[in-house]
Amino acid sequence: MTDSKYFTTNKKGEIFELKAELNNEKKEKRKEAVKKVIAAMTVGKDVSSLFPDVVNCMQTDNLELKKLVYLYLMNYAKSQPDMAIMAVNSFVKDCEDPNPLIRALAVRTMGCIRVDKITEYLCEPLRKCLKDEDPYVRKTAAVCVAKLHDINAQMVEDQGFLDSLRDLIADSNPMVVANAVAALSEISESHPNSNLLDLNPQNINKLLTALNECTEWGQIFILDCLSNYNPKDEREAQSICERVTPRLSHANSAVVLSAVKVLMKFLELLPKDSDYYGTLLKKLSPPLVTLLSGEPEVQYVALRNINLIVQKRPEILKQEIKVFFVKYNDPIYVKLEKLDIMIRLASQANIAQVLAELKEYATEVDVDFVRKAVRAIGRCAIKVEQSAERCVSTLLDLIQTKVNYVVQEAIVVIRDIFRKYPNKYESIIATLCENLDSLDEPDARAAMIWIVGEYAERIDNADELLESFLEGFHDESTQVQLTLLTAIVKLFLKKPSETQELVQQVLSLATQDSDNPDLRDRGYIYWRLLSTDPVTAKEVVLSEKPLISEETDLIEPTLLDELICHIGSLASVYHKPPNAFVEGSHGIHRKHLPIQHGSIDTGESPVSTGPTAALDQPQVIPSQGDLLGDLLNLDLGPPVNVPQVSSMQMGAVDLLGGGLDSLVSPKPCIFSVSQILKKVFVRVFWSQVLLRLHCFVFLCSFGVIPTTPLPIHTPLMPNQSIDISLPLSTIGPVMKMDPLNNLQVAVKNIIDVFYFSCLIPLNIFFVEDGKMERQVFLVTWKDIPNENELQYQIKECHLNADTVSGKLQNNNIFTIAKRNVEGQDMLYQSLKLTNGIWILAELRIQPGNPNYTLKIGASLFLSLQAYRPIDRSSVYKVVLEGCQT
Amino acid sequence: MIGGLFIYNHKGEVLISRVYRDDIGRNAVDAFRVNVIHARQQVRSPVTNIARTSFFHVKRSNIWLAAVTKQNVNAAMVFEFLYKMCDVMTAYFGKISEENIKNNFVLIYELLDEILDFGYPQNSETGALKTFITQQGIKSQHHTKEEQSQITSQVTGQIGWRREGIKYRRNELFLDVLESVNLLMSPQGQVLSAHVSGRVVMKSYLSGMPECKFGMNDKIVIDKQGKGGTADDAGKSELGGSGKQSIAIDDCTFHQCVRLSKFDSERSISFIPPDGEYELMRYRTTKDIILPFRVIPLVREVGRTKLEVKVVIKSNFKPSLLAQKIEVRIPTPLNTSGVQVICMKGKAKYKASENAIVWKIKRMAGMKESQISAEIELLPTNDKKKWARPPISMNFEVPFAPSGLKVRYLKVFEPKLNYSDHDVIKWVRYIGRSGIYETRC
């Protein structure tokens, strides 16, 4: 007899038939019917209408039938809460059954029925079951407390179930202990501060005893729980480690990894010079290697964890690089991970072997894998200086294969090698140039162009090469266009005589024919730089570049420490802290490695060392609602030295000059915003923390918000700065700021939310159609009530009326009329803000007097209350001060 | 913890769906089907995160098993659990196939209810499960009260893997030392990596609750004894092991019946075995491995349309022993149009569908040599991509342990019952198989 027949019932009147069968007198028939119902349920048919009939079958002493009915109940009780109550009696009765298996079954199932009314009835039976004489019932009841807590946490606390659960830690049966630990661990995750588990040396001792006796799964629960304990001194840490190390020989890889987690955490507490420390490190290596002989999925989990362990303590596996060599038929996810670890372990001692392997991989089939292998060769060159030469020649060999993607990947890494060892391998440039035509990926083209530009003086036909790229300039990606622009400017500065035409061509392509603002900006900058001061241009463009660092993709140390606390878990697989992928309250509590106890710390949550400690505390965010309420009151971290801005990329320069530095404020994260043609450039410096940005919120008086998410995909290193250009629109929420052009920004990253503010040049809000009709102007100007008018003196401005007018026009401040009164120039001007507000002004300029008088009024069809006078004048100030230069 | 468990057939139809946690919605079943089973690209990771829900999957023939969670679960545990689930199902109904799963779905639900509670794995030892799972098992209403409490104490107890009161007329045990030897060799014959992963599988038919002690030629133990001058010679000769040479074991893991703390402190392997067949230990060695075969490849490209391949295999073990099921797989390029093969021994065939020449030899004695040569004709292509030259792989079976492991003794003590170590009939067998045994060419 097989069960598959239940999957194929005749469609017509199916429910009706089942109903009849469920009410059949014969027990066997009823059982068959329930099986059919469950089969229908599995394939997704709605059989909820049979609820009363199925529940009727519950009153049976046949355990098999009972289990089937319970299975049905778990699925449908929620959708039929009133019906479900019918089952309660039966459950309560079963909880008193002489057979422990039935008692356990009843309490287990009841916990799975998430109906409030039923939950109330669950309390009494559960209380009894927690004290049941049979361990099987107790271990089931322990899990049931966690279930109940998930449904109604308050009730669990009120009923004192947490205390009963804690009592079970001292139970004589190891499995009861393990389940109690699992339940308590889960519950305490949603109460991070309550010391629910109450881990004290006595309890730890009980756990360690149970560890030797319980099932493999129980061992995992206990080890995971142990890893949250903070031993009070090194002696305690060592004694726990001694009792945990035997677990490294367990056949279950999860037991091994959880044991590794405990040991990795407690290693922090052991003195580094002790014998035990060394022995322990040695003991960790073989089990980690053994994990790689498991099934591929476990290998994958192990490799992701080893990747962390290798970064934290490279000494553990430094001798074992061979086991990470890729096997031909490893699944691709295992191959890619192994490759990553190989590079991390590469050193002078093993580089020859590693390189031979990498070369082998570069001929494989999977494109991603091959690319990564080629990239790895480049990284070896950068990491192990002695091997650089060999790596370069390997890369050249690979280029000779002419396999398109191999060549392209190789050229990209060779550029990085040039950045690391300048003036060393330029002899290979000729070979690279041969492959110019086959490059079709932006990355590779940009890399090649960079190389040509950087070494233009050694490449005879550099101008020809670059010119060939110029032909299809507009079809190139932005990355290539920008690189090409810079490369040609470099070439021009190196060989000015022959390449004047070329540079002019590229500048005009970039500035006049392109609608990409980044490109235009960079073009203009170069143009101005070249036309005003070629010597400075040379200094700027051909300045010596900093060398690139050896390790590029290390996980930021504080994150790494946190992930070490999560070894074996999903967080360690994703390499992300739990709150990045877990919803709700679970996992929000951050874990830290313990620190060696000198004097402080009382066994609560330990605080990690380093900058996070400082960053951690003050930034508790009140709540989502008033997230921005106390913006700026939070002064984060110690003041930081602002990285030098002088060598900045060209994109971010304020066209009117000089304004940028004043916008930089000494905050951990510094934003400067400058505007050109409706585009705001955001410059970010991260001082200490490596960041991956998650979101980005703007708040200002003009409703500025970014229209696209922040395009940062790779984490930033400490002190790394990055320029991002972000299209903005003014449709966001409006909030009045003081001063008006203040922009408040919140940036969320993996560590926390950071707030800061900066000033936006107000003139970016002036729209292009701000020129008022003469007649309208006259009428409006007259109609502006006196209290809305203000007068200002603008000092030290040595420009005549026409130049002022021209400069202002560039900023969308339009001169409507001009007249000469008593030797003074009177300019009547209008401008319109993005929010539709008109501002009118009268500017009086006396020739020879550097101080202008400004009279400003705002139009009537707007409410003026929102704008304080000072703001309006600042509009002009900003502009006019710019004019002085 | 695990929020739910789904089993799909190859088309992505749900065969079993069991949700343990409220945070897993009904659409989770479909999300996995759409994003993983029906995904266009090859699966790039066994863990997939779809809309903050993580899916762990393993595949057994055509069947997908997926565990779902929204929490930061112990990932290794989830996979170990899925493997265990497969083991349990296999123990109950054999091969995991769509038909078998449909035939046993009620049983599977019952098992899932028992071995996973609220997503927490519980006792998953088949031996214990069989005592109280109602489907195809003993119906528990027939149990007396004593039997019931015996079941529960076994399921939750310290020795969850063995029940009391087992009786055999003949006490017998079988030990299989199964090794797979892995090799990666460069074309020049240099060993790039080699290791043996071995398993000791035990079949025990012993009465009562026997205490066993297992001994092998572990270098650490032998050295210790050597130093102490108390070499246990009695044990050495017992099972016919020569025991002269000892081996260095890199690492080993044990079945949960083995007392790990005792191994850690004394390096002795003592345990009460489960009844029937189980895997006592796994181990790994990398030093002084006997490589049963050496493959010497010679590939020559003659022009653009022809390849000449010559492969010599040499057996490297005692002439009195016989290797079996020898198979050498020589990959050929994708644009192969024809192959001519000559081999001295066995049969060789070009298999176009597998892009390889497969050379099979039934038996081969030690210290022998055999050779195959082939001419491969190629279609001219303008494909720039070079042929990747996959390594030549080899399969074989030899009647010895390539690691050099020897069983020194397995002692059985059952103080309560009336049989001694000498009454137990013991069998030992060594089988060495090829794992990934590859030579680059």
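The structure displayed is predicted, hence computed values, not measured ones.

A few words on the overall build of chain B. Of regular secondary structure, chain B possesses nine helices and 23 strands. Across its three principal axes, chain B shows a C-alpha extent of roughly 80 × 65 × 35 Å. For chain B, buried positions account for 56% of its 441 residues. Here the contacts in chain B between residues at least 6 apart in sequence split such that 72% fall between residues at least 24 apart. Chain B carries 65 positive and 46 negative side-chain charges, and their two centres are separated by 7 Å.

On to the interface of chain B and chain A, then. If you look at the interface, chain B gives 93 residues, while chain A gives 105 residues. For the pair chain B and chain A, the number of links is 13 salt bridges. The salt bridge involving glutamate 357 of chain A is made with arginine 440 of chain B; its shortest N-O contact spans 3.1 Å. Between chain B and chain A we count 40 residue pairs in polar contact (both at pLDDT 80 or more) in total. The element contributing the most residues to the side of chain B that touches chain A is helix α2 (residues 75-93) of chain B, with eight residues.

Let us look at a negative patch on the surface. A contiguous patch of negative charge on the surface is contributed by Glu464, Glu467, Glu471 and Glu501 of chain A. Structurally, glutamate 471 of chain A is set in the loop between α25 (462-470) and α26 (478-494).

Let's shift gears to the packing of aromatic side chains. Two descriptors summarise a pair of aromatic rings, namely the distance from one centre to the other and the angle between the planes of the rings. Residues and elements named next belong to chain B. Enumeration according to the criterion identifies 24 aromatic pairs over all chains in this entry. Note on phenylalanine 317 and phenylalanine 400: the rings are 5.6 Å apart at their centroids and 50° apart in plane angle, and the pair reads as tilted. Within this pair, whereas phenylalanine 317 is found in the loop between β15 (306-315) and β16 (322-331), its partner phenylalanine 400 is found in the loop between β21 (392-398) and β22 (407-413), the two being separated by 83 residues in sequence. Neither residue differs from the other here; phenylalanine 317 and phenylalanine 400 are each classed as buried. Ring geometry for phenylalanine 396 against tyrosine 437: centres 4.9 Å apart, planes inclined by 90°, an arrangement best described as edge-to-face. Taken together, the residues phenylalanine 396 in strand β21 and tyrosine 437 in strand β23 (residues 425-439) connect sequence positions 41 residues apart. Tyrosine 437 carries the same exposure label as phenylalanine 396, and that label is buried. Linked through ring pairs, Phe6, Tyr8, Phe32, Phe55 and Trp64 together constitute an aromatic cluster. The ring of phenylalanine 118 carries arginine 21 above its face, with NZ or CZ at 3.6 Å from the centroid. Its end group placed over the ring of phenylalanine 174, lysine 203 keeps NZ or CZ at 5.9 Å from the ring centre.

Residue and element names in this part refer to chain A. Here asparagine 350 lies in the loop between α18 (332-345) and α19 (351-361). When neighbours within four sequence positions are excluded, asparagine 350 is seen to be in contact with Lys318, Ile321 and Leu345. Side-chain polar atoms of asparagine 350 contact the backbone nitrogen of serine 347, separated by 2.8 Å.

Moving on, we get to the nonpolar core. In terms of nonpolar packing, the biggest core is built from 282 residues, with Phe418 of chain A together with Phe56 of chain B touching the most fellow members. Among the elements that line this core, the one with the most residues is α2 of chain B, at 14 residues. What phenylalanine 418 of chain A contacts, discounting residues up to four positions off in sequence, is Tyr425, Glu426, Ile428, Ile429, Leu432, Trp450, Ile451 and Tyr455 of chain A. Counting 34 residues, the second largest nonpolar core, distinct from the first, contains Ala194, Leu291, Val328 and Met364 of chain B.

On to the packing of helix α1 (residues 14-22) of chain A against helix α2 (residues 27-42) of chain A. Residue and element names in this part refer to chain A. At their nearest, the axes of α1 and α2 sit 8 Å apart, and the two run at 145° to each other. Two packed elements cross with a definite hand, and for α1 against α2 that hand is left-handed. In contact with Glu14, Leu18, Glu21 and Leu22 of α1, α2 contributes Lys29, Arg30, Ala33, Val34, Lys36, Val37 and Ala40. Classifying every residue of the contact of α1 with α2 gives six nonpolar, no polar and five charged.

Residues and elements named next belong to chain A. Between α19 and helix α20 (residues 367-383), whose axes approach to 8 Å, the crossing angle comes to 150°. When the axis of α19 is compared with that of α20, the two are roughly antiparallel. α20 is crossed by α19, and the crossing has left-handed handedness. Residues Ile351, Val354, Leu355, Leu358, Lys359 and Tyr361 of α19 touch α20, and the partners they reach there are Phe369, Val370, Ala373, Ala376, Ile377 and Cys380.

A word on the sheet that holds strand β18 (residues 347-351) of chain B. Paired through backbone hydrogen bonds, the strands of a sheet run either parallel or antiparallel to each other. All names here are of chain B. Taken together, the nine strands give an open sheet; going across it, the order is β11-β13-β9-β8-β23-β21-β16-β19-β18, and neighbouring strands pair in mixed fashion. The open sheet terminates on both sides in strands that have one partner only, identified here as β11 (251-254) and β18. Strand-to-strand twist of the sheet, defined as the mean angle between neighbouring strand axes without regard to direction, takes the value 15°. Bridge count for β21 against β23 is four bridges, and the pairing is antiparallel. Bridge pairing links serine 393 to glutamate 438 in β23.

The next thing to look at is the confidence of the model for chain A. All names here are of chain A. Of the residues in chain A, 75% reach a pLDDT of 70 or more, and the chain-wide mean stands at 77. Scored below 50 in pLDDT, residues 598-694 shows 195 contacts in the model against residues more than four places distant or in partner chains. Long-range and interchain partners of residues 860-872, a stretch whose pLDDT sits below 50, account for 28 contacts in this model, where long-range means more than four residues apart.

What follows deals with the environment of glutamate 236 of chain A. Residues and elements named next belong to chain A. One can find glutamate 236 in helix α14 (residues 234-244). Along the primary structure glutamate 236 and asparagine 99 are separated by 137 residues, whereas in three dimensions their C-alpha atoms are 43 Å apart. Once you skip the residues sitting within four places of it in the chain, glutamate 236 turns out to touch Pro201, Tyr229 and Pro231.

Before going further, it helps to examine the state of the cysteines. Residues and elements named next belong to chain A. According to the stated counting rule, one finds zero disulfides over all chains in the structure shown. With no disulfide of its own, cysteine 144 has cysteine 112 as its nearest cysteine by sulfur position, at a separation of 7.8 Å. Looking at cysteine 144, the relative accessible area reads 0%, which means it is buried.

It is worth spelling out the pairing of β21 of chain B at this point. All names here are of chain B. Counting buried positions along β21 yields five of seven residues, so the element is predominantly enclosed. Both β16 and β21 contribute to a ladder of four bridges, which runs antiparallel. Bridge pairing in β21 places valine 328 opposite methionine 394.

With that settled, the discussion passes to the pattern of salt bridges. Summed over all chains, the structure comprises 64 salt bridges over all chains. The residue glutamate 124 of chain A makes a salt bridge to arginine 127 of chain A at a minimum N-O spacing of 3.3 Å. Here glutamate 124 of chain A and its partner arginine 127 of chain A are both found in helix α7 (residues 116-130), three residues apart, which amounts to about one turn of the helix. Under the relative-accessibility criterion, glutamate 124 of chain A is labelled partly exposed at 45%. For arginine 433 of chain B, the salt bridge identified is with glutamate 397 of chain B, shortest N-O distance 3.4 Å.

To continue, consider the sheet that holds β15 of chain B. All names here are of chain B. Strand order across the open sheet formed by four strands is β14-β15-β20-β17, with antiparallel pairing between neighbours. What marks the edges here is a single partner per strand, and that holds for β14 (293-302) and β17 (336-343). The average undirected angle you get between the axes of adjacent strands in this sheet is 15°. Sheet topology note: the β14/β15 ladder contains 10 bridges and is antiparallel.

When pLDDT drops low, the exact placement of atoms in the prediction is not to be read closely. Residues and elements named next belong to chain B. In the predicted model, chain B carries a mean pLDDT of 86, and the fraction of residues at 70 or more is 91%. Least confident of the elements in chain B is helix α8 (residues 233-238), whose mean pLDDT is 40; most confident is strand β5 (residues 63-69), at 95. Within the model, the stretch residues 137-142 combines pLDDT values under 50 with 13 contacts to residues more than four positions away or in other chains. Within the model, pLDDT remains below 50 along residues 229-243, and this stretch shows 24 contacts once partners closer than five positions in the same chain are excluded.

The next thing to look at is helix α1 (residues 27-37) of chain B. All names here are of chain B. Among the residues of α1, Ala28, Val29, Phe32, Arg33, Val36 and Ile37 are the ones counted as buried. The arc enclosing the buried residues of α1, seen along the axis, measures out at 140°, which places them on a common side. In α1, the exposed residues that point more than 90 degrees away from the buried face are Asn27 and Val34. At its buried positions, α1 is contacted by β1 (4-8), β2 (14-19), β3 (47-50), β4 (53-60) and β5.

Thresholds applied
- Residues numbered from 1 in each chain as written.
- Chains lettered and ligands numbered in written order.
- Predicted model: local features only at pLDDT ≥ 70, side-chain atom pairs only at ≥ 80, totals over all residues.
- Heavy atoms only, no water.
- Helix = DSSP H or I, 4+ residues; strand = E, 2+ residues; numbered from the N terminus.
- Buried < 20%, exposed > 50% of the residue type's maximum accessible area, 1.4 Å probe, protein only.
- Contact = heavy atoms within 4.5 Å.
- Lys, Arg positive; Asp, Glu negative; His and termini not counted.
- Charge placed at Lys NZ, Arg CZ, Asp CG, Glu CD.
- Salt bridge = Lys/Arg side-chain N within 4 Å of Asp/Glu carboxyl O.
- Polar contact = N/O pair within 3.5 Å; in protein donor to acceptor, adjacent residues only side chain to side chain.
- Patch = residues over 30% accessible without salt bridge, like charges linked within 9 Å, V, L, I, M, F, W, Y side chains within 5 Å.
- Areas by Shrake-Rupley, 256 points an atom, 1.4 Å probe, with all protein chains shown as cover.
- Phe/Tyr/Trp six-rings, centres within 6.5 Å; stacked < 30°, edge-to-face > 60°.
- Lys NZ or Arg CZ within 6 Å of the ring centre and 35° of its normal.
- Core = buried A, V, L, I, M, F, W, Y, C linked by side-chain atoms within 4.5 Å.
- Axes fitted to C-alpha atoms, helices over the stretch in contact; angles between N-to-C directions.
- Left-handed = near helix turned anticlockwise from the far one by under 90°.
- Nonpolar A, V, L, I, M, F, W, Y, C, P; charged D, E, K, R; others polar.
- Parallel < 35°, antiparallel > 145°, perpendicular 65-115°, else oblique.
- Pairing = 2+ DSSP bridges.
- pLDDT = per-residue confidence, 0-100.
- Disulfide = S-S within 2.5 Å.
- Arc of directions from axis to C-beta.

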